[in-house]
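Topology and contacts: notes
What follows is the residue order along each chain.
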Amino acid sequence: MMLNLYFLRRMQVRNFSVKVEVKLNDSTNTLLENKLLKHRHHPGIIKPRVVEVPEWIKNSIQIVLKDSKIPTSYLWEGGQKLMKHLLGRFIPDIQPNLQDRKTRSQATIYSSNLNERNEDIIEYNMNNNSKLAKEKQQLHNSAITIDYNRRTGLLYIVGRSQYEYCAVYKVLNQIKSKNVNFKPQTLFDFGSGIGTVMWSASQLWSDSLKEYFGVDSSSEMNDLSEELNKYNTHPIKNIFYRQFLPALPVPTYDIVVSSFSLLELPDTKTRFDVIQKLWAKVQDYLVIIEDGTNAGFTAVNEARDIILYNILKSDKSNNNNCAHVFAPCPHDMKCPRYYTDDIPCNFEISYYTLPLSGPSFLKKQRYSYVILKKGVRSDSDNQWPRIVQPTLKRSKHVICRTCTANGTLKEIIFTSYKYGKNAYRCARVSQWGDLLPIEISTDKLHE
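Residues numbered from 1 in each chain as written. Predicted model: local features only at pLDDT ≥ 70, side-chain atom pairs only at ≥ 80, totals over all residues. Heavy atoms only, no water.

1. Let's talk about the overall build of the protein chain
Summing up its helical and strand segments, the protein chain has 15 helices and 14 strands in all. Looking at the protein chain as a whole, 51% of its 447 residues are labelled buried. In the protein chain, once contacts between residues fewer than 6 apart in sequence are set aside, the share between residues at least 24 apart is 79%. Carbon and sulfur atoms provide 51% of the accessible area of the protein chain, an area that totals close to 22,200 Å². (Helix = DSSP H or I, 4+ residues; strand = E, 2+ residues; numbered from the N terminus. Buried < 20%, exposed > 50% of the residue type's maximum accessible area, 1.4 Å probe, protein only. Contact = heavy atoms within 4.5 Å. Areas by Shrake-Rupley, 256 points an atom, 1.4 Å probe, with all protein chains shown as cover.)

If you want it as structure tokens, here you go:
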């Protein structure tokens, strides 16, 4: 009997095996053939590779830290401890075991009655998962409330400012690179902190950005942000700070950003309410950025699902209330990495530390993000596959693990013989986070 079952499984796999066909984008291939484009500059490359922090930011930080008269050794050690703590956080609120694929779908928010939904999930898993009690204790231990006073703000600058600036800049730069005609005039920053979003936006859109509205519950963080921005060489004309999120949806803003802030909120319902309010204030783009940890990725995907599968579908009366994922996903379906994989969808950034107790040194950190754009996806959007893990370069072949337009993860093995010289060379120079300018088709092989 066991042999028969084994044979049936083998037959099923053979009957539904899939052949992946890859074709390089015609316009890209033409440019490469005519030597009007180099492979290392193909249109799917996400630039810059390494983000340089402007000198004015480094100088303003040095001035503020010097004026504090706090020993640099204390600032450095405290900044690293704060960074470690923030990277080790769990997502606030009791959740199912997100490593268990069978219960992941139950964690997604589709009901407006969030309290009842979460209580049902918790009760279900308490009866079916003996490890949940331990996880619950870990969640409570990690959910230490941080008092973001001035001293904590200084530690935050030392531990995270360079990393956050580089991550935010790289994410926002995708909007500028892909939508070259977009000239934002207003920006809303939820959880503005020390102002890394303002720094990045002022560097990218110094010619158009006129108003920045920052919301942070800590008045001392707002003061610190204002103090650091005095030295901005690309100042925004009108800067406003507030401690509380405005209740009214008007006015709207060209870009609304929540960077490294969702994990500060106490529970799922609060995050849901905040995402609703932020989406109501969006004119064009909503940007969500978190650390590339399991908790950070979960928060990003939760926000993505809230908008695509709750807010948009519940408000059917508004024909203009539509949106699509601008980046990193080439699709608007459920995230395949969240529901079918065991690792978070994140990307890596390299940055240099502040030269406090010695010279700067290069560090790497991971972040998760999503950019949602209001309106229907344009027909000109190529929806090229996104490389979601480091490329594996081997002798005469390259392995790229991608997220595709049909909402699935695909591993593509590029060789010059199989897909052509240009496609192979484009894949070979591509890195984690880049897009591949290719078209994918799959055929089922019936054997």
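2. Describing the layout of surface pockets
Taken as a whole, the second largest pocket holds about 680 Å³ of empty space. Contributions of two or more residues to the lining of the second largest pocket are made by α8 (150-178), β7 (323-327) and β9 (362-374). Looking at which element gives the most residues to the lining of the second largest pocket, the answer is α8, with 4 residues. For the lining of the second largest pocket, the per-class residue count stands at 12 nonpolar, 11 polar and 7 charged. (1 Å grid on protein atoms, 1.4 Å probe; cavity = no way out; pocket = protein on both sides within 12 Å on 5 of 7 lines; lining within 4 Å. Points joined across faces, edges and corners; volume = space filled by probe spheres on them. Nonpolar A, V, L, I, M, F, W, Y, C, P; charged D, E, K, R; others polar.)

3. A few points about a negative patch on the surface
Taken together, the side chains of Asp147, Glu220, Asp223 and Glu226 make up a negatively charged region of the molecular surface. Mapping Asp223 onto the fold places it in helix α10 (residues 219-228). (Patch = residues over 30% accessible without salt bridge, like charges linked within 9 Å, V, L, I, M, F, W, Y side chains within 5 Å. Salt bridge = Lys/Arg side-chain N within 4 Å of Asp/Glu carboxyl O. Lys, Arg positive; Asp, Glu negative; His and termini not counted. Charge placed at Lys NZ, Arg CZ, Asp CG, Glu CD.)

4. Remarks on unusual backbone geometry
For the peptide bond that leads from Val250 to Pro251, omega is 0°, which places it in the cis range. Examined against the element boundaries, Pro251 turns out to sit in the loop between β4 (238-242) and β5 (253-259). Geometrically, the link from Ala327 to Pro328 is a cis peptide bond, its omega value of 0° lying close to zero. Positionally, Pro328 belongs in the loop between β7 and α13 (336-340).

5. Side note on empty space enclosed by the protein
Under the defined criterion, the tally for this structure stands at 4 cavities of 30 Å³ or more. In terms of lining, the largest cavity is formed by 18 residues, of which the most central are Phe297, Pro328, Cys329, Cys335 and Cys345.

6. Digging into the packing of helix α11 (residues 268-280) against helix α12 (residues 294-314)
α12 packs onto α11 with a crossing angle of 65° between their chain directions and a minimal axis gap of 10 Å. The angle between α11 and α12 falls in the class roughly perpendicular. For the crossing formed where α11 meets α12, the hand is right-handed. Taking contact as the criterion, the partners of Thr268, Arg271, Phe272, Ile275, Gln276 and Trp279 in α11 are, on α12, Glu302, Ala303, Ile306, Ile307, Asn310, Ile311 and Leu312. Its residues assigned to classes, the contact of α11 with α12 comprises 8 nonpolar, 3 polar and 2 charged. (Axes fitted to C-alpha atoms, helices over the stretch in contact; angles between N-to-C directions. Parallel < 35°, antiparallel > 145°, perpendicular 65-115°, else oblique. Left-handed = near helix turned anticlockwise from the far one by under 90°.)

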